[in-house]
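# Results of the structural survey
Here is how the chains run, residue by residue.
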Amino acid sequence: MGFEKKMIQYDDPDDEGTSLGVTPAFYIGGRGEEEEEEEEDMVDPLELIRAKCEETEHCVHYKQLLETCESRVGSKSNTLEECTEELFDFLHARDHCVSHKLFHKVK
């Protein structure tokens, strides 16, 4: 775990006339590029579990109902129908599945 030092200056180096002759600066510990790359590779376990739960038989059924509703509503030009109930049913089924799996991975 290496730290690189960076100097932060508060005055403008081009503006020599207004400088008071004091350059407030301090060093902060920076992180190397290797550590930043590792963070980019991290994947949220919630997203992975949600994707797996969406493939279960119970969730697939509710997802099909939601997609059927969305296509029905999309095909009509003047309708008051919304797919709120189908969406909530799908999200409830998915989140129920996620709740059983997610907390086994939390430390």
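Scope of this entry: the structure provided in the associated data block. Note that the structure is predicted; figures quoted are calculated from it, not measured.

Along the backbone of the chain there are four helices and two strands. Helices and strands in the chain line up, N terminus first, as β-β-α-α-α-α. Split into buried and exposed, the 107 residues of the chain put 13% on the buried side. Long-range pairs, those at least 24 residues apart, make up 49% of the contacts in the chain with a sequence separation of at least 6. Surface accessibility of the chain: about 9200 Å² in total, with carbon and sulfur atoms responsible for 52%.

Before going further, it helps to examine the state of the cysteines. The final tally for this structure, using the stated rule, is two disulfides. A disulfide bridge connects Cys53 with Cys97, and the sulfur atoms are separated by 2.2 Å. Disulfide Cys53-Cys97: the torsion about the S-S bond is -75°, which places it as left-handed. On the criterion of sequence distance, the pair formed by Cys53 in helix α2 (residues 45–53) and Cys97 in helix α4 (residues 84–102) is long-range, its members being 44 residues apart. Both residues of the pair, Cys53 and Cys97, belong to the buried class. Put simply, Cys69 and Cys83 are joined by a disulfide, and their sulfur atoms are 2.1 Å apart. Taking the sign of the torsion about the S-S bond as the criterion, the disulfide between Cys69 and Cys83, at about -95°, is left-handed.

Rules used throughout
Residues numbered from 1 in each chain as written. Predicted model: local features only at pLDDT ≥ 70, side-chain atom pairs only at ≥ 80, totals over all residues. Heavy atoms only, no water. Helix = DSSP H or I, 4+ residues; strand = E, 2+ residues; numbered from the N terminus. Buried < 20%, exposed > 50% of the residue type's maximum accessible area, 1.4 Å probe, protein only. Contact = heavy atoms within 4.5 Å. Areas by Shrake-Rupley, 256 points an atom, 1.4 Å probe, with all protein chains shown as cover. Disulfide = S-S within 2.5 Å.

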